[in-house]
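# Chains, contacts and geometry: an overview
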Amino acid sequence: MYRIVRETNHLTDTVRFIIERKKTFLWVSSWTTELGSDINQRGPIGAPTYDGAKWKLDMIKLKKGK
């Protein structure tokens, strides 16, 4: 399961949308920006617009993280 999170930086007045993956261990679940995919990128995967993040998320789902 994935989600897109809006992150607002009020100091620089910028917004970016980050893709997160839900990870579960036993009964505990949490969200992580480490998607466990073969994408080589420093930092979290996302985009400055929602449409850009949605496009990347669709590509990740289509390729199943590969």
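The coordinates are above.
It should be emphasised that the depicted structure is a prediction, and the values quoted were computed from it without experimental measurement.

Bringing unusual backbone geometry into the picture now. With glycine set apart, most residues show a phi of negative sign, and most peptide bonds adopt trans. Positive phi, close to 55 degrees, is recorded for Asp13, a residue that is not glycine. Within the element layout of this structure, Asp13 appears in the loop between β1 (2-9) and β2 (14-25). In the Ramachandran plot, Leu26 falls in the positive-phi region, its phi being about 55 degrees despite a non-glycine side chain. The class of Leu26 is exposed, set by a relative accessible area of 64%.

With that settled, the discussion passes to the packing of aromatic side chains. Two measures describe an aromatic ring pair: the distance that separates the ring centres and the angle between the ring planes. Within the structure shown, the criterion is met by one aromatic pair. Each ring, one from Phe17 and one from Tyr50, has its centre 5.9 Å from the other, and the planes form 80 degrees; the classification is edge-to-face. With Phe17 in strand β2 and Tyr50 in helix α1 (residues 50-63), this pair connects stretches of sequence that are 33 residues apart. According to the relative accessible area criterion, Phe17 is buried, its value standing at 14%. On the basis of relative accessible area, Tyr50 is assigned to the partly exposed category, the value being 43%.

Conventions adopted
Residues numbered from 1 in each chain as written. Predicted model: local features only at pLDDT ≥ 70, side-chain atom pairs only at ≥ 80, totals over all residues. Heavy atoms only, no water. Helix = DSSP H or I, 4+ residues; strand = E, 2+ residues; numbered from the N terminus. Buried < 20%, exposed > 50% of the residue type's maximum accessible area, 1.4 Å probe, protein only. Phe/Tyr/Trp six-rings, centres within 6.5 Å; stacked < 30°, edge-to-face > 60°.

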